[in-house]
Amino acid sequence: MQTTHCRFCIFVLLFVFITSAYSQDKLPLIPYPNEVLMGNGKFQLSARTGIICQSSKANLSFLKDYLEEDFCLNLQERKGINNILLLENPENFESFRKEEYNLSVSSDTIKIEASTAIGIFYGIQTLRQLIDKETLSVSCLSINDKPNYSWRAFMLDESRYFKGKRVVKHLLDEMASLKMNIFHWHLTDDQGWRLEIKKYPKLTEKGAYRDSTQIGGCRKTTYNRMPHGGYYTQEDIREIVKYASERHITVVPEIEMPGHATAAVASYPWVGLLNNAIEVPCEFCIKSSVFNVADEKVMKFLHDVLQEVFSLFPAQVVHIGGDEIHFKEWESSKMITKFMKKHCLSNYIDLQLYFTNQMSHFIETNGK
């Protein structure tokens, strides 16, 4: 019994030692690279460090800005006592995939090599995390890295709370530092419509604002009694899309349909089924408002909205939501019942699928 206990203790101590050693050797990098080979020595950054750029001017500018903002280092494009080399070589495409890079550090050179500007950009993000802020040094090593997934996304819901350009740009900067490449932007829902549509100005004049906001959860009856609202002009959208693109991030807009439509119905009651004036809701529970998908005028409204969305967002993907449909208003509509009989739709799930397929076809015919 005593021997077994001793063996167990030795096992635990050995496990703790191995885990501790592994934790000390593991670099503080997010996401962690595919391959890391540690070397000996350090590269010491200083005012006399030079930058040799054989990549895009944008990557040179990003590197200089990051070094100044993060480490108060004002480095120039020149040969120094030691150097950071950005080496973009399209001929190496067979060796390096589109987003792949190699980062090597010796005592006198930091080299980031890739076949594309995107690869160089991601190598710069890794370098930012490797620099010790206290000593301004980087351990000698070799890193080869590429993403495991082509779609690396973050979703921001701005219908519930409007953030504004400054916050969104800061978020895009954080995404870039983590090598994320898809910004899924949830711009419309029950509690607010955040995107200017020129053909339907009331969507933002009315639909972007509410009188108050529920606090404490959707089952609570407490409200902060503070008006909330805001929206992005089309010029704002173009500015943010450009800002994201410079950081190799694609913006995917989401326009909710056929449910989560209360802000739109509050703006234009005729797009819904009740045909009476309602307000943008202050509470966060799921609302019953849905678009009247049996009305050709409403379908034209949705097509018009999407046409403006297409013109603002170069992304090949447009998200149309589709979740949490309440069938209550469809069930009480004679127009919907007649439409379903005409198209041989046996239930409201079939109606939603019919609508979604129609919208999907429209989006595809517009090259999205």
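Please read these numbers as outputs of a predicted model, since none were measured by experiment.

Structural notes on the overall build of the protein
So, step 1. Scanning the protein for helices and strands turns up eleven helices and 15 strands.
So, step 2. Taking 21 Å as the expected radius of gyration for a compact globule of 368 residues, we find that the protein reaches 27 Å, considerably beyond that expectation.
So, step 3. Projected onto its principal axes, the C-alpha positions of the protein cover 75 × 70 × 45 Å.
So, step 4. Among the 368 residues that make up the protein, the fraction classed as buried is 48%.

Describing the sheet that holds strand 15 (residues 250-254)
So, step 1. Read from one edge of the open sheet, three strands run 7-8-15, paired in parallel fashion. Looking along the sheet, the strands with just one partner apiece sit at the ends: strand 7 (153-157) and strand 15. Along the sheet, successive strands turn relative to each other by an average axial angle of 20 degrees, direction set aside.
So, step 2. For strand 8 (residues 182-186) and strand 15, the ladder comprises five bridges, and the chain directions are parallel. Counted as the bridge partner of His186 is Glu254 from strand 15.

Points about the sheet that holds strand 4 (residues 101-105)
So, step 1. Strand order in the open sheet formed by six strands is 1-6-4-5-3-2, with mixed pairing between adjacent strands. With one partner strand each, in any of the chains shown, strand 1 (35-44) and strand 2 (49-54) form the two edges of the open sheet. Within the sheet, the average angular offset between the axes of one strand and its neighbour, ignoring direction, is 15 degrees.

Digging into the pattern of salt bridges
So, step 1. Enumeration over the complete set of coordinates arrives at 17 salt bridges.
So, step 2. Residue Glu99 is joined to Arg152 by a salt bridge in which the shortest nitrogen-to-oxygen separation is 2.9 Å. Linking Glu99 in the loop between strand 3 (82-88) and strand 4 with Arg152 in the loop between strand 6 (137-145) and strand 7, this pair joins segments that are 53 residues apart in sequence.
So, step 3. Notably, a salt bridge pairs Lys242 with Glu246, separated by 2.6 Å at the nearest N-O pair. Of this pair, Lys242 and Glu246 both sit in helix 6 (residues 234-246), separated by four residues, roughly a single helical turn.
So, step 4. When salt bridges that share partners are traced, they join Lys165, Lys169, Asp236 and Glu239 into one network.

Brief notes about the packing of aromatic side chains
So, step 1. This structure, assessed with the given rule, holds 18 aromatic pairs.
So, step 2. With centroids separated by 5.4 Å and ring planes inclined at 40 degrees, the aromatic side chains of Phe183 and Trp185 adopt a geometry described as tilted. No difference in accessibility class separates Phe183 from Trp185, as the two residues are buried.
So, step 3. Their ring planes at 65 degrees and their centres at 4.7 Å tell us that Tyr200 and Phe301 sit as a pair that is edge-to-face. With Tyr200 in the loop between strand 10 (192-193) and helix 5 (202-205) and Phe301 in helix 8 (residues 296-312), the pair connects residues that are 101 residues apart, well separated along the chain.
So, step 4. With relative accessibility at 10%, the residue Tyr200 sits in the buried group.
So, step 5. A relative accessible area of 0% means that Phe301 is categorised as buried.
So, step 6. Here the aromatic cluster, defined as three or more aromatic residues joined through ring pairs, consists of Phe162, Phe183, Trp185, Tyr232 and Phe313.
So, step 7. For Arg210, the ring lying beneath its charged end belongs to Tyr161, and the centroid distance is 5.4 Å.
So, step 8. The ring of Tyr243 has Arg247 lying over it, and the distance from NZ or CZ to the ring centre is 3.5 Å.

Some thoughts on the nonpolar core
So, step 1. If you look at the biggest cluster of nonpolar residues, it comprises 94 residues, and the most contacted ones within it are Phe183, Trp185 and Phe291.
So, step 2. With nine residues, helix 8 is the single largest residue contributor to this core.

Things to note about helix 10 (residues 334-342)
So, step 1. Listed as buried for helix 10 are Ile336, Phe339 and Met340. One face of helix 10 carries all of its buried residues, which in axial projection span an arc of 100 degrees. Along helix 10, the residues that are exposed and aim more than 90 degrees away from the buried face are Lys334, Lys338, Lys341 and Lys342.
So, step 2. Buried residues along helix 10 sit against helix 9 (328-331) and helix 11 (348-365).
So, step 3. Near the N-terminus of helix 10, the side chain that reaches the backbone nitrogen of Met335, with its oxygen 3.3 Å away, is that of Ser333.

With respect to the packing of helix 8 against helix 11
How two helices sit against one another is set out by the angle between their axes and by the gap between those axes.
So, step 1. Between helix 8 and helix 11, whose axes approach to 11 Å, the crossing angle comes to 40 degrees. Put simply, helix 8 runs oblique to helix 11. Helix 8 and helix 11 meet at a crossing whose hand is right-handed. Taking contact as the criterion, the partners of Met299, Leu302, His303, Leu306, Gln307 and Phe310 in helix 8 are, on helix 11, Phe355, Gln358, Met359, Phe362 and Ile363.
So, step 2. Tallied by class, the residues present in the contact of helix 8 with helix 11 amount to eight nonpolar, three polar and no charged.

A short note on the side chain of Thr188
So, step 1. For Thr188, the position within the fold is in strand 9 (residues 188-189).
So, step 2. A polar side-chain atom of Thr188 sits 2.9 Å from the main-chain amide nitrogen of Glu256.
So, step 3. Contact partners of Thr188, with chain neighbours within four places excluded, come to Ser159, Trp193, Glu254, Ile255 and Glu256.

Cut-off values and rules
- Residues numbered from 1 in each chain as written.
- Predicted model: local features only at pLDDT ≥ 70, side-chain atom pairs only at ≥ 80, totals over all residues.
- Heavy atoms only, no water.
- Helix = DSSP H or I, 4+ residues; strand = E, 2+ residues; numbered from the N terminus.
- Rg over C-alpha atoms; globule rule 2.2 N^0.38 Å.
- Buried < 20%, exposed > 50% of the residue type's maximum accessible area, 1.4 Å probe, protein only.
- Pairing = 2+ DSSP bridges.
- Axes fitted to C-alpha atoms, helices over the stretch in contact; angles between N-to-C directions.
- Salt bridge = Lys/Arg side-chain N within 4 Å of Asp/Glu carboxyl O.
- Phe/Tyr/Trp six-rings, centres within 6.5 Å; stacked < 30°, edge-to-face > 60°.
- Lys NZ or Arg CZ within 6 Å of the ring centre and 35° of its normal.
- Core = buried A, V, L, I, M, F, W, Y, C linked by side-chain atoms within 4.5 Å.
- Arc of directions from axis to C-beta.
- Contact = heavy atoms within 4.5 Å.
- Polar contact = N/O pair within 3.5 Å; in protein donor to acceptor, adjacent residues only side chain to side chain.
- Parallel < 35°, antiparallel > 145°, perpendicular 65-115°, else oblique.
- Left-handed = near helix turned anticlockwise from the far one by under 90°.
- Nonpolar A, V, L, I, M, F, W, Y, C, P; charged D, E, K, R; others polar.

Distances and angles like these do not, on their own, reveal function.
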